[in-house]
There are 2 protein chains.
Amino acid sequence: MNSKTINIGLFGFGTVGKGLYDVLQKIKPENVNIVKVCVRNVPKHQAEAPELEFTDQADDIFSDPRVNFIVELIDDAEAAYAIVKRALQAQLPVVSGNKKMLARHINEMITLQRQNHTALLYDASACGSIPVIRNLEEYYDNDLLISVKGILNGSSNFILSKIFNEGMNYAQALELAQKLGFAESDPTLDIGGWDSLFKLIIISIHAFGVYVQPEEIFNFGIGNMNEHDIQFAHEKQRRIKLVGWSEKVDDDKLILSVMPHLLSKQKYIYSVEDEFNGVVIKGLFYYKQFMFGQGAGGFPTGSAVLSDITAQLYDYRYQYKKLDAAHPLKFSNDYFVRIYYRYDSPATLNLLDFTTIHESYYSDSYKYVVGDVSLSQLHAQAQKLRESDVFIALYPQD
Amino acid sequence: MNSKTINIGLFGFGTVGKGLYDVLQKIKPENVNIVKVCVRNVPKHQAEAPELEFTDQADDIFSDPRVNFIVELIDDAEAAYAIVKRALQAQLPVVSGNKKMLARHINEMITLQRQNHTALLYDASACGSIPVIRNLEEYYDNDLLISVKGILNGSSNFILSKIFNEGMNYAQALELAQKLGFAESDPTLDIGGWDSLFKLIIISIHAFGVYVQPEEIFNFGIGNMNEHDIQFAHEKQRRIKLVGWSEKVDDDKLILSVMPHLLSKQKYIYSVEDEFNGVVIKGLFYYKQFMFGQGAGGFPTGSAVLSDITAQLYDYRYQYKKLDAAHPLKFSNDYFVRIYYRYDSPATLNLLDFTTIHESYYSDSYKYVVGDVSLSQLHAQAQKLRESDVFIALYPQD
């Protein structure tokens with residue numbers, strides 16, 4: 001198997017694509033080459049890597065007889081879908097970095113892999129340099145998993161760290177993140193929690209064998225956070241982190257959500273700062289495992305993509321074993337959580353129907369409650385909440 | 001491949017062997033069974049698991065036609081060597097938990113695996129529930145690794161935590177560790193750093209492709225630590241942890257050591273407490289990865305052993321790719337480190353030849369220096385240092 005040579009047709013030459021190229025330039029593996037790169041702006045990228053062959057036509061990649069492997073690292077989810085589908089149908093192994101596309105089309109992609117006996121790998125897309133999918137697929141395969149919880153987006157975490165620890169404002173922090181190559185071309189995907197949500201959906205398939213459409217899951221980002229929320233966190237000696245959370249809360253019930261959490265120092269992910277990602281996997285036998293590593297930046301993500309690529313040298317494929325479980329878990333929003341809720345008027349307070357209020361504060365400039373509310377309530381009002389001047393953060397009791 | 005059934009001949013029914021059995025009882029996999037167990041004391045273990053078949057004869061396992069898989073979880077390294085060798089020669093796949101045996105005989109075991117086209121797996125033995133070997137073999141395969149550093153022994157870390165954070169004395173902490181099933185039958189292996197050393201040797205093969213005999217490596221445990229050392233650490237706002245450290249310090253030079261480190265809060269492994277293990281992998285592309293999980297106890301280690309076992313369902317084998325590197329690294333002790341050195345007399349001070357002394361304290365009851373000394377010096381004097389009333393801890397400047 002190790003005598004194979006991987007000849008890559010690459011789509012996209014942004015931070016990750018360029019990162020992959022830079023990593024290959026450094027380690028010069030004998031059996032992995034980039035044969036041709038498809039980009040929108042050929043002259044721009046040709047200048048970045050004069051010795052590479054660029055094209056702006058996907059057909060040039062697929063008709064190149066040398067190409068035996070497709071790597072798709074573009075932002076446009078619909079274009080990514082077409083590329084990956086076409087590659088799998090042509091029985092070419094594929095590595096994809098498009099979380100949005102994967103979260104939307106993963107069922108079809110699993111079918112295509114099985115029909116065409118070819119592999120689609122995407123560990124790099126799920127958690128940057130942390131090999132969470134492979135570890136869930138193989139190593140934690142036998143454990144009875146209870147929860148997977150983590151900081152899944154390096155860009156928003158970087159921004160949160162800068163605001164929280166260094167007193168930057170949002171615009172400064174975002175500018176710095178973009179300058180350092182940690183922010184995607186559309187920051188709303190990061191800040192709004194969508195990127196974390198797509199990753200959580202992918203992880204939950206491998207952890208629990210459950211696929212849930214993005215629309216069914218409550219997602220609330222960090223875009224609405226203001227100085228009062230930060231002060232509240234400091235007063236409670238907690239930090240605000242954007243957390244993807246997947247947990248088996250009952251024999252057959254699985255909850256999923258993405259929202260800010262007010263984390264106490266005892267939590268492993270409390271200390272995950274800057275562009276890092278951190279994932280806590282809780283199982284019946286292992287208690288807790290914590291994996292931590294860089295979640296953004298050219299080298300870490302480029303290198304993670306290369307790990308997905310070279311897995312093909314030993315014919316590695318995801319097995320999706322848990323999807324065939326005899327007693328599958330069911331996704332549900334029927335679960336109560338305790339949240340911190342900053343609101344600006346009686347009308348926004350009434351958006352949510354709290355069963356219990358544990359704490360309440362009211363002044364002209366700042367109002368909040370800490371109370372219990374169901375995920376289904378939050379989910380039903382998600383769009384209105386996002387558009388209002390309110391902030392929500394899970395407020396765990398420990 | 002998934003239609004295989006694994007019928008285990010098990011050697012040993014201590015904490016880990018019983019843990020494996022308990023895990024199997026909980027998850028009841030269709031394709032993994034324990035067929036027969038070889039132990040020294042049959043009546044004792046028969047009472048623990050009446051429905052299992054026990055024997056005290058190894059031949060009973062090897063001659064049982066049902067057995068197609070050997071799991072070796074015994075303390076005696078020489079007996080473990082005979083069992084694993086016999087199994088590999090009989091082309092039976094094996095999972096071994098004996099670090100001492102592996103660290104001593106790994107080269108022969110690699111040859112036997114290749115000759116007999118069968119697999120020997122031991123992830124569970126290297127870092128408890130953290131799948132460090134597999135991740136090094138596969139995921140970090142392409143990265144240019146710089147260092148692997150970690151708390152590799154749950155038992156000694158548990159004892160250190162109890163002494164350090166809860167003010168227990170050594171005897172109390174050891175008793176509690178043994179009561180909770182965190183200490184091996186011979187605690188000197190844990191306390192003396194030997195267990196960490198064996199694990200470090202195994203890890204270094206997979207991380208750097210370098211095998212080093214235990215005798216060539218400086219190893220100093222925590223057995224000599226006293227209240228002055230603890231106070232020194234507290235004053236410097238550091239914690240003492242027993243750390244296995246493997247680092248590429250030059251283009252072709254690799255250092256290895258096991259000794260206490262005085263760790264500042266900034267270090268990831270500073271926060272690894274109780275029976276947990278934590279490993280930091282540093283690479284050129286990934287910067288730092290941190291993996292953390294339980295390193296002792298029946299369920300975590302039993303479950304980790306089961307992960308090694310079920311890897312056989314998809315014919316997983318370690319590839320040992322780095323052993324065939326074109327430019328192999330060379331192990332060396334020619335490297336200077338800064339240490340805290342508590343000594344009791346001019347004679348013990350003179351055991352080491354410091355090139356620079358950065359800090360010195362002297363009183364009737366407590367004397368120490370902080371200074372630079374070579375690993376080769378430490379290694380040459382290791383036995384004398386262990387037998388004297390001295391304590392050594394790496395004292396990193398950050």
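Residues numbered from 1 in each chain as written. Chains lettered and ligands numbered in written order. Predicted model: local features only at pLDDT ≥ 70, side-chain atom pairs only at ≥ 80, totals over all residues. Heavy atoms only, no water.

Q: Can you lay out helix H12 (residues 227-235) of chain A for me, pointing to particular residues and giving the numbers?
A: All buried positions along H12(A) are accounted for by His228(A), Asp229(A), Ile230(A), Phe232(A) and Ala233(A). Put simply, Asn226(A) is the residue that caps the front of H12(A), since its side-chain oxygen is 2.8 Å from the backbone nitrogen of His228(A). (Buried < 20%, exposed > 50% of the residue type's maximum accessible area, 1.4 Å probe, protein only. Helix = DSSP H or I, 4+ residues; strand = E, 2+ residues; numbered from the N terminus. Polar contact = N/O pair within 3.5 Å; in protein donor to acceptor, adjacent residues only side chain to side chain.)

Q: Residues and numbers for a negative patch on the surface, please.
A: Together, Asp75(A), Asp76(A), Glu78(A) and Asp186(A) line one region of the surface with negative charge. Tracing the chain through its elements places Asp76(A) in the loop between strand E4 (69-72) and helix H4 (77-89). (Patch = residues over 30% accessible without salt bridge, like charges linked within 9 Å, V, L, I, M, F, W, Y side chains within 5 Å. Areas by Shrake-Rupley, 256 points an atom, 1.4 Å probe, with all protein chains shown as cover. Salt bridge = Lys/Arg side-chain N within 4 Å of Asp/Glu carboxyl O. Lys, Arg positive; Asp, Glu negative; His and termini not counted. Charge placed at Lys NZ, Arg CZ, Asp CG, Glu CD.)

Q: Kindly report on the packing of aromatic side chains, identifying the contributing residues and their values.
A: All chains considered together, the criterion is met by 53 aromatic pairs over all chains. Ring centres 4.8 Å apart and planes at 65° place the aromatic pair Tyr268(A) and Phe292(B) in the edge-to-face group. One end of the pair, Tyr268(A), is in the loop between strand E10 (253-264) and strand E11 (276-283); the other, Phe292(B), is in strand E12 (residues 287-294), on a second chain. When its relative accessible area of 25% is taken as the criterion, Tyr268(A) is described as partly exposed. Plain terms: the ring middles of Tyr314(A) and Tyr316(A) are 6.3 Å apart, the flat faces sit at 50° to each other, and that makes the pair tilted. (Phe/Tyr/Trp six-rings, centres within 6.5 Å; stacked < 30°, edge-to-face > 60°.)

Q: So what about the environment of Lys253(B)? Which residues, and what values?
A: Residue and element names in this part refer to chain B. With respect to the helices and strands, the residue Lys253 is situated in strand E10 (residues 253-264). When the C-alpha positions of Lys253 and Gln213 are compared, they lie 16 Å apart, and in sequence the two are 40 residues distant. Excluding anything up to four places from it in sequence, Lys253 contacts Glu247, Lys248, Leu329, Lys330, Ser332 and Asp334. Within the structure, the side chain of Lys253 is placed 2.8 Å from the backbone oxygen of Asp334, a separation counted as a polar contact. (Contact = heavy atoms within 4.5 Å.)

Q: Can you explain unusual backbone geometry? Please cite residues and give values.
A: Its identity is not glycine, yet His117(A) carries a phi of approximately 50°, on the positive side. Counting through the fold element by element, His117(A) comes out in the loop between helix H5 (99-116) and strand E6 (120-121). At Lys28(B), a position not held by glycine, the phi torsion is positive, near 40°. Here Lys28(B) is to be found in the loop between helix H1 (15-27) and strand E2 (32-38).

Q: So what's going on with the packing of helix H8 (residues 154-166) of chain A against helix H9 (residues 170-179) of chain A? Residues and values would help.
A: Residues and elements named next belong to chain A. At their nearest, the axes of H8 and H9 sit 9 Å apart, and the two run at 135° to each other. As judged from the angle between their axes, H8 and H9 are oblique. Two packed elements cross with a definite hand, and for H8 against H9 that hand is right-handed. Residues Phe158, Ile159, Lys162 and Ile163 of H8 touch H9, and the partners they reach there are Tyr170, Ala173, Leu174, Leu176 and Ala177. Residue composition of the contact of H8 with H9, grouped by class: eight nonpolar, no polar and one charged. (Axes fitted to C-alpha atoms, helices over the stretch in contact; angles between N-to-C directions. Parallel < 35°, antiparallel > 145°, perpendicular 65-115°, else oblique. Left-handed = near helix turned anticlockwise from the far one by under 90°. Nonpolar A, V, L, I, M, F, W, Y, C, P; charged D, E, K, R; others polar.)

Q: So what's going on with the relation of the copies chain B and chain A? Residues and values would help.
A: Aligned on chain A, chain B shows an RMSD of 0.0 Å; the corresponding rotation is 180° and the shift along the axis is 0.0 Å. Expressed as a symmetry operation, the mapping of one chain copy onto the other fits a two-fold axis. The position closest to the rotation axis in chain B is occupied by the C-alpha of Met291(B), lying 2.3 Å away. Taken as a fraction of all interface residues of chain B, those also at the interface in chain A reach 100%, which identifies the copy contact as same-surface. (Least-squares fit on C-alpha atoms with pLDDT ≥ 70 in both.)

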